[in-house]
Amino acid sequence: MTTASPESVRLAAEAILDGLCLPAPWKILDIDWTPGSPTPVKVTAGPYPREVVSAYCDPDRPWPETVARLASDLQDHACEVHWGRPFPPCPGHTHPLSTGVADGVAVWECPVSPRHHRSPIIQAGTP
Ligand SMILES: [Zn+2]
């Protein structure tokens with residue numbers, strides 16, 4: 001069972017950015033870890049040093065929720081930075097995948113029908 005730590009959040013953020021299928025790779029520039037603050041974890045990332053975004057999550061929530069929340073935040077920013085294109089695209093559909101938690105695992109899933117597409121945000125075998 002993964003718990004939130006600066007390292008696990010960094011690995012999760014890397015997996016999320018990989019899974020977004022972005023046209024240019026994003027770098028994680030900073031992870032700000034301030035337990036007890038209203039925004040306990042701030043992940044700063046972006047395609048260019050001049051164009052960075054901040055995504056937030058709360059490490060006190062269950063880990064799958066933390067991952068899904070972070071993925072949703074990074075996804076919103078990615079769609080804005082890349083002109084509203086769908087990231088990650090839902091296979092065969094025109095919309096992006098949604099984030100969610102299914103059976104205790106953070107997932108990307110089709111917003112219309114999870115039976116059409118559902119995949120773990122963090123692939124099995126990685127923490
Ligand atoms: Zn779909």
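Residues numbered from 1 in each chain as written. Predicted model: local features only at pLDDT ≥ 70, side-chain atom pairs only at ≥ 80, totals over all residues. Heavy atoms only, no water.

Topic: the overall build of the protein chain
Looking only at helices and strands, the protein chain has two helices and six strands in total. Each helix and strand of the protein chain, ordered N terminal to C terminal, gives the series α-β-β-β-α-β-β-β. Relative to a compact globule of 127 residues, whose C-alpha radius of gyration would be 14 Å, the protein chain shows 14 Å and is just as compact. The dimensions of the protein chain, computed from C-alpha atoms along their principal axes, are 40 × 35 × 25 Å. The proportion of buried residues among the 127 residues of the protein chain is 41%. Considering only contacts within the protein chain whose residues lie at least 6 apart along the sequence, 39% involve residues at least 24 apart. Just so you have it, the protein chain exposes about 7000 Å², and 52% of that area is on carbon and sulfur atoms. Within the protein chain, one finds 9 positive and 14 negative side-chain charges whose respective centroids are separated by 5 Å. (Helix = DSSP H or I, 4+ residues; strand = E, 2+ residues; numbered from the N terminus. Rg over C-alpha atoms; globule rule 2.2 N^0.38 Å. Buried < 20%, exposed > 50% of the residue type's maximum accessible area, 1.4 Å probe, protein only. Contact = heavy atoms within 4.5 Å. Areas by Shrake-Rupley, 256 points an atom, 1.4 Å probe, with all protein chains shown as cover. Lys, Arg positive; Asp, Glu negative; His and termini not counted. Charge placed at Lys NZ, Arg CZ, Asp CG, Glu CD.)

Concerning the side chain of glutamate 109
Within the secondary structure, glutamate 109 sits in strand β5 (residues 105-109). A polar contact is formed between the side chain of glutamate 109 and the side chain of arginine 118, at a distance of 2.9 Å. Once residues lying within four places of it in the same chain are set aside, the contact partners of glutamate 109 are Leu97, Ser98, Pro114, His117 and Arg118. (Polar contact = N/O pair within 3.5 Å; in protein donor to acceptor, adjacent residues only side chain to side chain.)

Brief notes about the coordination of the zinc ion
The protein atoms that coordinate the zinc ion are Cys90 (SG), His93 (ND1), His95 (NE2) and Cys110 (SG), at distances spanning 2.0 to 2.3 Å. The site at the zinc ion holds four donor atoms, and with the angles between them running 98 to 115°, its shape is tetrahedral. Donor residues binding the zinc ion come from one chain and are separated in sequence as C-x2-H-x1-H-x14-C. One end of the pair, cysteine 90, is in the loop between α2 (63-81) and β4 (98-102); the other, cysteine 110, is in the loop between β5 and β6 (118-120), and 20 residues separate them in sequence. Take cysteine 90 and cysteine 110: they sit in the same class, and that class is buried. (Donors = N, O, S within 2.8 Å, 3.2 Å for Na, K, Ca; no water. Tetrahedral: all angles 85-135°; square planar, octahedral: opposite > 155°, others 65-115°.)

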